[in-house]
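Take a look at the letters that make up each chain.
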Amino acid sequence: MANEQDLMEKIVSLAKRRGFIYPSSEIYGGINGFWDYGPLGVELKRNIKDAWWHDIVRCPATGPDGRPIQMVGLDCSIIMNPKVWEASGHVVNFNDPLVDCKKCKARFRADKVFVACFYDQAAFKALPPGDTGAHLNFVRNPAYRFGVEADDESQVQAAAVAGANSDTRRKLQSGKYEFRAVRVDRRTSSDPLAVCPACDGELTDARKFNMMFKTSIGAMEDSSALAYLRPETAQGIFVNYKNVLDTTRVKTPFGIAQIGKAFRNEINPRNFTFRSREFEQMEIEFFCHPGQADPWYEYWRDARFKWYIDHGLKSSKLRLRNHEKDELAHYARACADIEYEFPFGISELEGVANRTDFDLTQHQKSSGRDMTYFDDETKERFIPYVIEPSGGVDRATLAFLCEAYDEDEAPDEKGAMQKRTVLRFHPRFAPIKVAIFPLVRKDGMPEKAQAIYQACAKHLAAFYDEKGAVGRRYRRQDEAGTPFCVTVDGETRENGTVTIRDRDTMQQVRIPGDSVLAYVRERLHI
Ligand code: GAP
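### Topic: the pattern of salt bridges
The tally for this structure, following the rule as stated, stands at 48 salt bridges. One salt bridge connects R17 with E479, and the closest N-O pair in it is separated by 3.0 Å. One end of the pair, R17, is in helix α1 (residues 2-17); the other, E479, is in helix α14 (residues 470-480), and 462 residues separate them in sequence. A salt bridge links R107 to D100; the shortest N-O distance between them is 2.7 Å. The class for R107 is partly exposed, based on a relative accessible area of 40%. Each of the salt bridges in this network shares a partner with another, and the network as a whole consists of D406, D408, R420, R424, D478, R501, R503 and D504.

Right under this line is the structure:
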């Protein structure tokens, strides 16, 4: 875990240093849960959204029925009539359990805080048989218990060990110490008191906290002006489902896709951009006959899982976790999380749910508008079931960034091997596809390099750099994840060839200067 923590720190630091992700409003001390994407980050994120939009909306695959999937796009307003959120259940149910520290006043999500202890096996075994009371006293002893924040049970021990001293770590490794933890909102009367992960103060009991950001519309700030920033893009799709049916030729099964901002007043934003208060979602609401919902659910779950693998996430780091029945939201018949092993633990990247006809039925009841679908062929009228693959753009961006991060060795200007940081992005996602350098700023090299740059920049993301030693320029591009670097050198004037260097192998080959664009396109399949 210590190494994984180091890795996360390195990724956050690289992201800042190279202009991928900055803390929002940093000059004023930042603002918790908000992030800005810098020049490289905005390209990376846009490439991910473009790839998703292309694969989902513009060029969808063939579905399980053997026909091309029908999919249309949408871009709804962020602020909608508040009745939308009453009908969807968000006003009443979009809550997280909140606990406060009585001492330092810090706030936590009760389902993300654990009270934990390391305890001495031998001391426990030495207790008279059946003396669980004494054991519990031991565990309850404030000297032994402490609070830990973690996204789920599987990450608690690692998080606790990361904060432990070396003596405790050694004792844990040798088996002298055992570890115990219980989620604070699942504590029973025999469990230890909940303590604050920040200061060891006592935590309050959990209470509900609605995560929707409120705002007011117009000059008045009374309850009639109340509105919400959308916490998901999905509802905009549901309330436009009839508009899409009436204005296009789609027939069930069909999908509506949207990429856009969502806002959640998260109690405790964590893990860099992983849990933010402002983020983007890429969501599909796929409308089908209720009798076809199961095969479509399985189709989307598996297709979305494969999409991440196809774009470079290692299958060994991805997990498809089907929700247990007691975990399902009240409206969902099935749900699976696509999870990724981030350096801070395995966490959700995307959820795929069978939302049944819940949302359309709710909006039909609340708005009085007919949400049924009439099938001209079967003459059947029904409210479609909805399969929803819902992914986070920022989480995908973070996962691709973490996966791409690598360190190896490369020779410096004097041929000595030095540590190299490289981002091995999938070619579709690399913010810059090719960088072009003149070896030196003379002998017509900048002009020739500029000409190659101009030819490339019309078709793909290219970058021109003439400053500093060429080895350093290579390394800057490795850190940006640029797949190819082209150098115009003395030989270019003689025979028109340039060197082209591969980011991953660091091999250089000579190719004609006027074939750079074709070479890059062919090798990257773009
Ligand atoms: N419409 C369904 C829905 O919104 P969700 O599981 O709450 O479902 C879907 O969110 C996806 O949105 C998540 O899988 C995650 O990728 C992303 N997401 C949710 N909350 C987020 C947050 N606070 N910060 C960043 N991404 C978030």
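Still more to cover.
### Description of the nonpolar core
Core analysis: the largest hydrophobic core is formed by 59 residues, its most contacted members being F20, M71, W300, Y308, F342, I387 and L401. Here F342 is in contact with F274, S347, L349, R395, L398, A399 and C402, once residues within four sequence places are set aside.

### Section: the site of the ligand
Surveying the vicinity of the ligand reveals 20 residues, the closest of which are E232, R264, E266, E283 and E348. One nitrogen or oxygen atom from the main chain of F274 is found 3.2 Å from a nitrogen atom belonging to the ligand. Starting from 550 Å² of accessible surface for the ligand in isolation, the protein chains cover 89%. At the level of secondary structure, the elements contributing two or more residues to the shell around the ligand comprise β13 (278-288), β16 (345-356) and β19 (385-392). A per-class count over the shell around the ligand returns 4 nonpolar, 6 polar and 10 charged.

### Quick word on unusual backbone geometry
Looking along the chain, the bond that leaves T252 and enters P253 is cis, with omega of 0 degrees. Here P253 lies in the loop between α9 (234-247) and β12 (254-263). For F272, which is not glycine, the phi dihedral falls at a positive 60 degrees. Even without being glycine, T356 reaches a positive phi, approximately 55 degrees. By the element assignment, T356 lies in strand β16.

### A look at the sheet that holds strand β5 (residues 107-109)
The strand order β5-β4-β9 describes an open sheet built from 3 strands, whose pairing is antiparallel. Taken across any chain shown, the strands that pair with only one partner, and hence form the sheet edges, are β5 and β9 (207-210). Within this sheet the neighbouring strands show an average axis-to-axis angle of 50 degrees, counted without direction. Here strand β4 (residues 95-100) runs beside β5; their pairing, made up of 3 bridges, is antiparallel. Directly across from L98, in β5, lies its bridge partner R109.

### Some thoughts on the packing of aromatic side chains
Going through the model one piece at a time under the given rule, you end up with 26 aromatic pairs. Considering the side-chain rings of F274 and F342, the 5.3 Å spacing of their centres and the 75 degrees angle between planes classify their relative orientation as edge-to-face. With F274 in the loop between β12 and β13 and F342 in strand β15 (residues 334-342), this residue pair connects regions lying 68 residues apart in the sequence. Classification of F274 as buried rests on a relative accessible area of 5%. Look at F342 and you get buried, because its relative accessible area is 1%.

### Considerations on the side chain of K49
Along the chain, the position of K49 falls in helix α2 (residues 39-58). Polar contacts involving the side chain of K49 include one to the side chain of E280, which spans 2.9 Å.

### With respect to the sheet that holds strand β7 (residues 145-149)
The strand order across the open sheet formed by 3 strands is β7-β6-β8, and the pairing between neighbours is antiparallel. The open sheet has two free edges, formed respectively by β7 and β8 (177-183), since each of these has just one partner strand. Across the sheet, the mean angle from the axis of one strand to that of its neighbour is 30 degrees, orientation sign disregarded. Across 5 bridges, the pairing between strand β6 (residues 113-120) and β7 is antiparallel. Within the sheet, the bridge partner assigned to A116 lies in β7 and is F146.

### Observations regarding helix α11 (residues 358-367)
Three or more residues of α11 are buried, namely F358, D359, L360 and H363. On its buried face, α11 is in contact with α3 (83-88), α9, β13 and β16. G368 sits one or two positions beyond α11 and adopts a positive phi of about 80 degrees.

### Describing the environment of G41
For G41, the position within the fold is in helix α2. Once you skip the residues sitting within four places of it in the chain, G41 turns out to touch G19 and F20.

### Re the side chain of E285
Its place among the elements puts E285 in strand β13. One buried charge, E285, has no salt-bridge partner; the nearest side chain with opposite charge is R355, at 4.9 Å. For E285, the residues in contact, after removing those within four places along its chain, are A234, I237, F238, F254, G255, I256, R355, V386, I387 and E388.

Calculation notes
Residues numbered from 1 in each chain as written. Predicted model: local features only at pLDDT ≥ 70, side-chain atom pairs only at ≥ 80, totals over all residues. Heavy atoms only, no water. Salt bridge = Lys/Arg side-chain N within 4 Å of Asp/Glu carboxyl O. Helix = DSSP H or I, 4+ residues; strand = E, 2+ residues; numbered from the N terminus. Buried < 20%, exposed > 50% of the residue type's maximum accessible area, 1.4 Å probe, protein only. Core = buried A, V, L, I, M, F, W, Y, C linked by side-chain atoms within 4.5 Å. Contact = heavy atoms within 4.5 Å. Near = heavy atom within 4 Å. Polar contact = N/O pair within 3.5 Å; in protein donor to acceptor, adjacent residues only side chain to side chain. Areas by Shrake-Rupley, 256 points an atom, 1.4 Å probe, with all protein chains shown as cover. Nonpolar A, V, L, I, M, F, W, Y, C, P; charged D, E, K, R; others polar. Pairing = 2+ DSSP bridges. Axes fitted to C-alpha atoms, helices over the stretch in contact; angles between N-to-C directions. Phe/Tyr/Trp six-rings, centres within 6.5 Å; stacked < 30°, edge-to-face > 60°. Lys, Arg positive; Asp, Glu negative; His and termini not counted.

Nothing here speaks to function; it is all geometry.
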